[in-house]
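# Per-entry structural report
Single-letter residue listing:
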Amino acid sequence: MRVDRGALLHAGKTNLKYLIESTFFIIDKNSRQVPFVLNAVQADYWVNISPRDVILKARKMGFTSLRLARMIAKCITQEYRRCVVISHEKEATKRLMKRARDMLSSCLIKVPTSKDSETQIDFPSTKSSHGIGTAGQKAFSRGDDVTDSEASEFAFWDNPGIMTGLEQAYVNNAEACIESTANGWGTPYHALWLRAESGQDPDSEGTDVYGHKIESGETIGGFYRPHFYAWWRDPSYRVALDRPLERVDAYEQSLKDRFGLDDEQLAWRRAIMSSMSDPTKFAQEYPATPEEAFLASGGMVFDADALRQLKESRRPVKWRGEIRDKGNYPGLDVNSSGRLPIWLSPVKGHKYIVSADIASGVSDGAYSCADVWDCESREQVAQWHGHIAPDDFGDTLMLLGAFYNWAFLAPEVNNHGLTTMVRIRDGNYPKYLTRSDNSGGTDMGWFTSAGEGGTRADLLSAARNAVRTFSSKINSLITLHECASFVNLRNPNKPSVEKMGPQSGAYCDSVFS
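In short, a report on the structure. (Residues numbered from 1 in each chain as written. Predicted model: local features only at pLDDT ≥ 70, side-chain atom pairs only at ≥ 80, totals over all residues. Heavy atoms only, no water.)

### Considering the nonpolar core
- Within the largest apolar cluster, 103 residues are counted, with the highest numbers of intra-cluster contacts made by F24, M163, I178, Y189, W231, F302 and F486.
- It is helix α4 (residues 63–77) that contributes the most residues to this core, 9 residues altogether.
- Core analysis: the second largest hydrophobic core is formed by 26 residues, A356, Y404, L409 and Y429 among them. (Core = buried A, V, L, I, M, F, W, Y, C linked by side-chain atoms within 4.5 Å. Buried < 20%, exposed > 50% of the residue type's maximum accessible area, 1.4 Å probe, protein only. Helix = DSSP H or I, 4+ residues; strand = E, 2+ residues; numbered from the N terminus.)

### Concerning the environment of K499
- On the secondary structure map, K499 appears in strand β20 (residues 494–502).
- The class for K499 is exposed, based on a relative accessible area of 56%.
- Separated by 10 residues in the primary sequence, K499 and L489 place their C-alpha atoms 5.1 Å from one another.
- Apart from the residues lying within four places of it in its own chain, the contact partners of K499 are V487, N488 and L489. (Contact = heavy atoms within 4.5 Å.)

### Comments concerning the pattern of salt bridges
- Evaluation of the coordinates by the stated rule reveals 34 salt bridges.
- A salt bridge links D102 to K98, with the nearest nitrogen and oxygen atoms 3.0 Å apart. Separated by 4 residues within a single helix, D102 and K98 lie in helix α5 (residues 90–106), roughly one turn from each other. (Salt bridge = Lys/Arg side-chain N within 4 Å of Asp/Glu carboxyl O.)

### Focus on the side chain of T420
- Checked against the element boundaries, T420 lands in helix α14 (residues 417–426).
- On the basis of relative accessible area, T420 is assigned to the buried category, the value being 0%.
- A distance of 2.7 Å separates a polar atom in the side chain of T420 from the backbone oxygen of P390.
- What T420 contacts, discounting residues up to four positions off in sequence, is I358, P390, F393, G394 and L397. (Polar contact = N/O pair within 3.5 Å; in protein donor to acceptor, adjacent residues only side chain to side chain.)

### Side note on helix α15 (residues 455–469)
- Taking 1.5 Å of rise per residue, 15 residues should cover 21 Å, and α15 covers 21 Å from first to last C-alpha, within 8% of that figure.
- Residues of α15 that are buried: L459, L460, A463, A466 and V467. Take α15 and look down its axis: the buried residues cluster within an arc of 125°, on one side only.
- Positive phi appears at F470, one or two residues downstream of α15, with a value of about 60°. (Expected span 1.5 Å × (residues − 1). Arc of directions from axis to C-beta.)

### Comments concerning the environment of R225
- When you line up the elements, R225 lands in strand β11 (residues 225–229).
- Taking the C-alpha atoms as reference, R225 lies 7.1 Å from S50; in sequence the two are 175 residues apart.

### Considerations on the packing of helix α12 (residues 304–312) against helix α16 (residues 477–484)
- The interhelical angle for the contact between α12 and α16, taken along N-to-C directions, is 170°, at an axis separation of 10 Å. Looking at the two axes, α12 sits roughly antiparallel to α16. Considering only the axes of α12 and α16, their crossing is left-handed. Judged by residue contacts, L307, L310 and K311 of α12 engage L477, L480, H481, C483 and A484 from α16.
- Here the contact of α12 with α16 is built from residues that sort into 6 nonpolar, 1 polar and 1 charged. (Axes fitted to C-alpha atoms, helices over the stretch in contact; angles between N-to-C directions. Parallel < 35°, antiparallel > 145°, perpendicular 65-115°, else oblique. Left-handed = near helix turned anticlockwise from the far one by under 90°. Nonpolar A, V, L, I, M, F, W, Y, C, P; charged D, E, K, R; others polar.)

### Some details on the sheet that holds β11
- Strand order in the open sheet formed by 7 strands is β5-β6-β4-β7-β8-β3-β11, and the pairing between neighbours is mixed. Strands with a single pairing partner mark the edges of an open sheet, and in this sheet they are β5 (120–123) and β11. Taking the axes of each pair of neighbouring strands and ignoring which way they run, one obtains an average angle of 15° across the sheet.
- Strands in contact with α4 are β3 (52–57), β4 (82–87), β5, β6 (128–134), β7 (146–152), β8 (170–180) and β11; relative to β7, the strand with the most contacts, it is inclined by about 165°.
- The strands that α5 touches are β4, β5, β6 and β7; relative to β6, the one it contacts most, it runs at about 155°. (Pairing = 2+ DSSP bridges.)

### Details of the packing of helix α13 (residues 390–403) against α14
- Interhelical geometry of α13 versus α14 gives an angle of 50° and a closest axis separation of 7 Å. With respect to α14, the axis of α13 lies oblique. Between α13 and α14 the crossing geometry is right-handed. Residue-level inspection shows P390, D391, D392, F393, G394, D395, L397 and M398 of α13 in contact with α14, the latter providing T419, T420, R423 and I424.

### What about unusual backbone geometry?
- For Y80, which is not glycine, the phi dihedral falls at a positive 60°.
- Accessibility expressed as a relative area gives 54% for Y80, which makes it exposed.

### Comments concerning the packing of aromatic side chains
- Considering all chains together, one arrives at 20 aromatic pairs under this definition.
- Centroid distance W384 to F393: 5.2 Å. Interplanar angle 45°. Geometry classified as tilted.
- The buried category is assigned to W384, whose relative accessible area is 1%.
- The interplanar angle of 75° and the centroid separation of 5.4 Å between the aromatic rings of F403 and Y404 together place this pair among those described as edge-to-face.
- With relative accessibility at 22%, the residue F403 sits in the partly exposed group.
- Its relative accessible area of 0% is what places Y404 among the buried residues.
- Ring-pair connections join several aromatic residues into one group, and the members of that group are W231, Y237, W268, F282 and Y286.
- Seen from the ring of W46, R70 lies directly overhead, with NZ or CZ sitting 4.6 Å from the centre. (Phe/Tyr/Trp six-rings, centres within 6.5 Å; stacked < 30°, edge-to-face > 60°. Lys NZ or Arg CZ within 6 Å of the ring centre and 35° of its normal.)

Structural data, given as structure tokens:
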């Protein structure tokens, strides 16, 4: 086949997509080398590329290959490009370099290169370069100018902080992309996605669930634009049917109602699930929504679907403010940034219980949290959440208890909690939890003991059951988010030992309050 190299290069300078589709080849899902013609999902993303992109996706949609091809095409046609791809682990880095070499070797335009090493390819005719590294390389790209970057499977990086150095290396008009499948709720990638979404949502309040200001997806390099590609966006994900499906379950019907999916798409979903050793992992590999992607991928302790339903059925906040001592009675000073949201005011004749988890009060540490529950309806009616000294928190709990018909107080007494409990006792509050044992050096409050048969296991078992069966109504977004990021943690050195706790960077104060 005769190729007009000059014409293709000239056209490619202003039309990278034309150059890729005219001269590049790719290995498809059937392990065949075929011309690199963008699939429907890739084509949609191509016309929506921005200088700063974050992509959340289902498996095998071809975004890494697309970004790789785009950077190589730039190196072929444009001068002084410094393109960088960073992967999550060394073997993936090797595979990406091999893919880059394969694209160049099969390209219909023969492109001269030099320094064809394990980590870099130089293009002497354009004085451009294409480098690939691993996130574990702490100083990768530090000190170098970067014109184009691809952060592949960012959610699985051991050192997400490397992005800060990479962003500082961006030149003016640099093009950067962070793409990954999800790896759990409350992780750095999840936080990045929420910031990006917040920047695109004109109705966003600009804060996270803890009241921290969200910087609208802004980083050193600029604003990240979120792109989510659900499995059903790929038109090839369908199975031909000669008749409609006889039955669809409630979740399948919700997919049809929300996204307009047809029976052939649902049939594909069923076929993939039936081929998986663990069909419950489908949502992790092929999410339908961003929330589902993060919820399904973290080894969650609490039921993801139940948390979603609880979130959708939350009551709106009735009042928000600070509980104060008004002299002879407790009162609420209304304040939009207050630490006490109230969903239901106290009802005469109702009994309430206040549970609490106590932290040190350090401003950059864990939070203290108190939940007020209606004993009859088992609904969460108020929650205090913030940083406060343990002894002062005792005063807050007494005021909160008095406000809710002299509620029964049951704070945890581990660590700082004993200081809180002593303040409650010395304040002569009339109703608080006492025990027949002296665990933790006191018979007051709730003592959490670890290990098999300990009270921690009992508490988590009861909480999981309450979520799964909807026997308790949770209104706090903080509680629901912390339940979502509470996962099964496995020690690689002791794989048989399981422990439940918050994901890295997440909190669990409201899980135990």
